[in-house]
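Structural description and commentary
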Amino acid sequence: MADKSRMKCNVVKKSDRAGKKKMVKACSGGKEKLIHFGASGYGHNYSAAARKSFKARHKCDTATNKLSARYWSCKKLWAGKGGSTKSSPASIKRKY
């Protein structure tokens, strides 16, 4: 388990929680909160189309609260340009 007291504020690192990709000790307005975000079972589909859909679905343009997982997902996981070259895990690939 992550020791929140030893972590730096607003620095994203790999999550130690099952099912999550990243974690951050979010600090805002004198408050601290340990946030785990990003579903680990969905692979790495950060293509332009997937990014556009995610940002619209989660209203990333209004995510301003650092104490929410939505803010960190929009800022760190889905903010960059281009897509990942990694493929999704074989366990979740659809067979048509």
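Data block above holds the structure.
This write-up is about the structure you can find in this document. Fair warning: this is a prediction, and the values are worked out from it, not measured in the lab.

1. Some thoughts on the packing of aromatic side chains
- Considering all chains together, one arrives at 2 aromatic pairs under this definition.
- The interplanar angle of 10° and the centroid separation of 4.4 Å between the aromatic rings of F54 and W78 together place this pair among those described as stacked. Taken together, the residues F54 in helix α1 (residues 48-57) and W78 in the segment after α2 (69-77) connect sequence positions 24 residues apart. With respect to burial, F54 and W78 carry one shared label: buried.

2. Digging into the state of the cysteines
- All chains considered together, the criterion is met by 2 disulfides.
- Each sulfur in the disulfide pair C9 and C27 lies 1.9 Å from the other. One disulfide, between C9 and C27, carries an S-S torsion of -70° and so falls in the left-handed class. Taken together, the residues span a long stretch of sequence, with C9 in the segment before β1 (13-14) and C27 in strand β2 (residues 20-28) at a distance of 18 residues.
- The exposure class assigned to C27 is buried, which follows from its relative accessible area of 15%.
- Each bonded cysteine of the protein chain gets a number by its place in the sequence, and the pairs then read 1-2, 3-4.

About the thresholds
- Residues numbered from 1 in each chain as written.
- Predicted model: local features only at pLDDT ≥ 70, side-chain atom pairs only at ≥ 80, totals over all residues.
- Heavy atoms only, no water.
- Phe/Tyr/Trp six-rings, centres within 6.5 Å; stacked < 30°, edge-to-face > 60°.
- Helix = DSSP H or I, 4+ residues; strand = E, 2+ residues; numbered from the N terminus.
- Buried < 20%, exposed > 50% of the residue type's maximum accessible area, 1.4 Å probe, protein only.
- Disulfide = S-S within 2.5 Å.

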